[in-house]
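Listed below are the residues making up each chain.
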Amino acid sequence: MQKIIKYTLLSAIVATLSLQGCKDSYFDKLSDNPNQVATPSLNALLATSTYKAGFNNYSVASIILPYVQYTANPAANGAGDTYQAIDFSATWDLLYYAMADANEMKKLAVTQNSSEYKGVADVLIAYNLIMVNDLWGDAPFSEAFNINNLVPKYDKQQDVYTSTLALVDEAITELSKTNSAIKLAAASDLIYGTTASTERANWLKMAYALKARLLNKVSKSSTYNPSAVLDAVSKSFASNDDDARMQTFRERSPWATVALNNEQQSLGGWLSEQLIDALNGTTYGVFDPRLPKITDLTVDGKYIGTINGAGNRAPGANTRKDENYISRNSPWSGNTSPIFIVTYAELKFIEAEAAFNTDRARSYAAYLAAIRANMDKFQVSTTDKEAYMAQPTVAVGAAALTKDLIFKEKYIATYLNPEAWNDARRFDYKYKDFTMPVNAALPTFIRRLDYPQGERSKNSANVPVDVPRTTRLWWDQ
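Residues numbered from 1 in each chain as written. Predicted model: local features only at pLDDT ≥ 70, side-chain atom pairs only at ≥ 80, totals over all residues. Heavy atoms only, no water.

Is there a simple way to think about the environment of Thr298 in this case?
You can see Thr298 is positioned in the loop between helix H9 (273-279) and strand E2 (339-342). Residues Thr298 and Tyr325, 27 residues apart in the sequence, show an inter-C-alpha distance of 8.8 Å. Leaving out residues up to four positions away in the same chain, Thr298 has contacts with Ile304, Lys321, Asp322, Glu323 and Asn324. (Helix = DSSP H or I, 4+ residues; strand = E, 2+ residues; numbered from the N terminus. Contact = heavy atoms within 4.5 Å.)

Okay, structure coming up:
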């Protein structure tokens, strides 16, 4: 944290120079010194900030995948699988570097009277701050970017949440304006950079998507307001085309790198028995056509997951590929697959949950639309999609719809997304047949992370005393 301001722009250069296939040079206006940015441009900051939002999505998802049992270590007693203490200093730094870059973009946007860049900066700061808040709770924010304060205080976790909402609301205000002195440059935007005429509108929809996600996350609290959630949903994504995603990489998607490393005898990216059984008919009695779009058959022609904490069923034979793993043949983890930040399918599941108690017909329609949208994103054929949708355990009718069904289907739709852990905690891990990992280091499911060692050493006076990893965050009570 102490060196964020000093190093954030150098970090921005490294990240942006790693991109390929970009439509223009992001550093045309930068100093000739390759190790220092004298006056970064809005376009350069937009490029690096949007890139980092996508990459941080991947970094945080990598942490939480074993907690929600999407993945499992093929070796027994894997640290993530069994809830052991792990130092995530690198991810903490990535999140704060990203916020620092976006904060620089915000300050520059203010001086240049660009409401569009200011609004996008707010969205990006909020997005990274949300992930910090969801992983650790209390965190520096109100003093985090003051260059004269190397030991910023930690804001209380509920105050951090309030700050993210305020950022999103400010973004909505800024992005609703149509008279920005400087318009967003589509060529520098790695999330929505396709058509200049739709840039502002797309970011406004993303701001509302994050607001819906934030407001829905407090579903356990007395402040939960389903009407406010539904209002935000109604102003957000209208189809899969609106999804917020990042798709520019130096070589390939980081998820494809996980799959490639596995193909080359690495032990990463093995899929959990929980995920595979939820899809192969074992848990719910119905084969889900998204399964072949997530992974490949094993060498034995089967779909078999790895048990979290127990490792591969055939120890010593992990390179045989007798259990399933992340595949480069998947639309989610192929070489050029996007990293999905927020999707239309997720928004429809949020709508289904928020409308459940007051408008069951709307809830059911949103539930069905969410499943179809996710299947379309997974490139499931129309025949297979409609066959699944017709299953009596899926097409239950509005009267028989349950929140369990909504969460069950949303679990598949948020595959490889950090938001999956928030849902698991809100749902108290009540997915059917979801069990504690073998050899777990904790007596109950994990609810939070320990503070990183980097923060303990650099900001020791302010880092909160660690509480057990089973202690719930304020919205998870």
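Hey, could you run me through the nonpolar core in this one?
Across soluble globular proteins, you tend to see nonpolar side chains buried next to one another. One finds Trp203, Tyr367, Tyr415 and Trp421 to be the most contacted residues of the largest nonpolar core, which totals 141 residues. Ignoring anything within four residues of it in the chain, the contact list for Tyr415 reads Tyr70, Leu271, Leu275, Ile294, Ile326, Trp332 and Phe378. (Core = buried A, V, L, I, M, F, W, Y, C linked by side-chain atoms within 4.5 Å. Buried < 20%, exposed > 50% of the residue type's maximum accessible area, 1.4 Å probe, protein only.)

How should the side chain of Asn56 be read in this particular structure?
Tracing the backbone through its elements, the reader meets Asn56 in helix H2 (residues 42-64). What Asn56 contacts, discounting residues up to four positions off in sequence, is Leu94, Leu95, Ala98, Asn128 and Met131.

Just checking my understanding: could you explain the packing of helix H5 (residues 157-175) against helix H6 (residues 199-217) for this structure?
Each pair of packed helices gets described by two things: the angle between the helix axes and the distance between those axes. Running from N to C, H5 and H6 cross one another at 155°; their axes reach a closest spacing of 9 Å. Taken together, the axes of H5 and H6 lie roughly antiparallel to each other. Where H5 crosses over H6, the handedness of that crossing is left-handed. Only Arg200, Trp203, Leu204, Ala207, Tyr208, Leu210, Lys211, Leu214, Leu215 and Lys217 of H6 make contact with H5, whose side of the interface consists of Tyr161, Thr164, Leu165, Val168, Asp169, Ala171, Ile172 and Leu175. Broken down by class, the residue content of the contact of H5 with H6 amounts to 13 nonpolar, 1 polar and 4 charged. (Axes fitted to C-alpha atoms, helices over the stretch in contact; angles between N-to-C directions. Parallel < 35°, antiparallel > 145°, perpendicular 65-115°, else oblique. Left-handed = near helix turned anticlockwise from the far one by under 90°. Nonpolar A, V, L, I, M, F, W, Y, C, P; charged D, E, K, R; others polar.)

Would you mind going over the environment of Phe55 with me for this structure?
Relative to the elements of secondary structure, Phe55 occurs in helix H2. The partly exposed category is assigned to Phe55, whose relative accessible area is 28%. It is 9.8 Å that separates the C-alpha atoms of Phe55 and Gln247, two residues lying 192 residues apart in sequence. Non-local contacts of Phe55, meaning those with residues more than four positions away in its chain, are made with Leu94 and Met246.

Please explain the side chain of Asp288 as it appears in this structure.
Topologically, Asp288 is positioned in the loop between H9 and E2. For Asp288, a relative accessible area of 2% corresponds to the buried category. Of note is the side chain of Asp288, whose polar atom sits 3.5 Å from the side chain of Tyr388. In this structure Asp288 touches Leu279, Met375 and Tyr388, once residues within four positions along its chain are discounted. (Polar contact = N/O pair within 3.5 Å; in protein donor to acceptor, adjacent residues only side chain to side chain.)

Explanation requested: the confidence of the model for the protein chain in the structure shown.
Parts of the prediction with low pLDDT should not have their coordinates interpreted in detail. Mean pLDDT over the protein chain works out to 92, with 91% of the residues at or above the 70 mark. Between residues 1-35, whose pLDDT stays under 50, and residues either more than four places distant or in other chains, the model counts 77 contacts. (pLDDT = per-residue confidence, 0-100.)

When you look at the pattern of salt bridges in this model, what are you seeing that I'm missing?
Two side chains bearing opposite charge may form a pair once their charged atoms approach each other closely. In total, this model carries 33 salt bridges according to the counting rule given. Residue Glu409 pairs with Arg290 through a salt bridge whose shortest N-O separation is 2.7 Å. Of the two residues, Glu409 sits in helix H13 (residues 403-413) while Arg290 sits in the loop between H9 and E2, which places them 119 residues apart along the sequence. Judged on exposure class, the residue Glu409 and its partner Arg290 are both buried. Residue Arg447 is joined to Asp476 by a salt bridge in which the shortest nitrogen-to-oxygen separation is 2.8 Å. Taken together, the positions of Arg447 in the loop between helix H14 (419-426) and helix H15 (453-458) and Asp476 in the segment after H15 put the pair 29 residues apart, joining distant regions of the chain. On the basis of relative accessible area, Arg447 is assigned to the buried category, the value being 5%. For Asp476, a relative accessible area of 0% translates into the label buried. (Salt bridge = Lys/Arg side-chain N within 4 Å of Asp/Glu carboxyl O.)

It is not clear to me how the packing of aromatic side chains should be interpreted in this structure. Could you clarify?
Within a pair of aromatic rings, the relevant descriptors are the distance that separates the centres and the angle that separates the planes. Under the counting rule described, the total for this entry stands at 27 aromatic pairs. Aromatic pair Tyr67 and Trp421: ring centres 5.1 Å apart, planes at 50°, arrangement tilted. Of this pair, Tyr67 sits in the loop between H2 and helix H3 (89-111) while Trp421 sits in helix H14, placing them 354 residues apart in sequence. Take Trp421: its relative accessible area is 0%, and that puts it in the buried class. Grouping aromatic residues by their ring pairs yields a cluster made of Tyr70, Phe407, Tyr411, Tyr415, Phe427, Tyr429, Tyr431, Phe434 and Phe445. Its end group placed over the ring of Tyr284, Lys408 keeps NZ or CZ at 4.6 Å from the ring centre. Arg425 extends its terminal NZ or CZ atom over the ring of Trp421, reaching a point 3.7 Å from the ring centre. (Phe/Tyr/Trp six-rings, centres within 6.5 Å; stacked < 30°, edge-to-face > 60°. Lys NZ or Arg CZ within 6 Å of the ring centre and 35° of its normal.)

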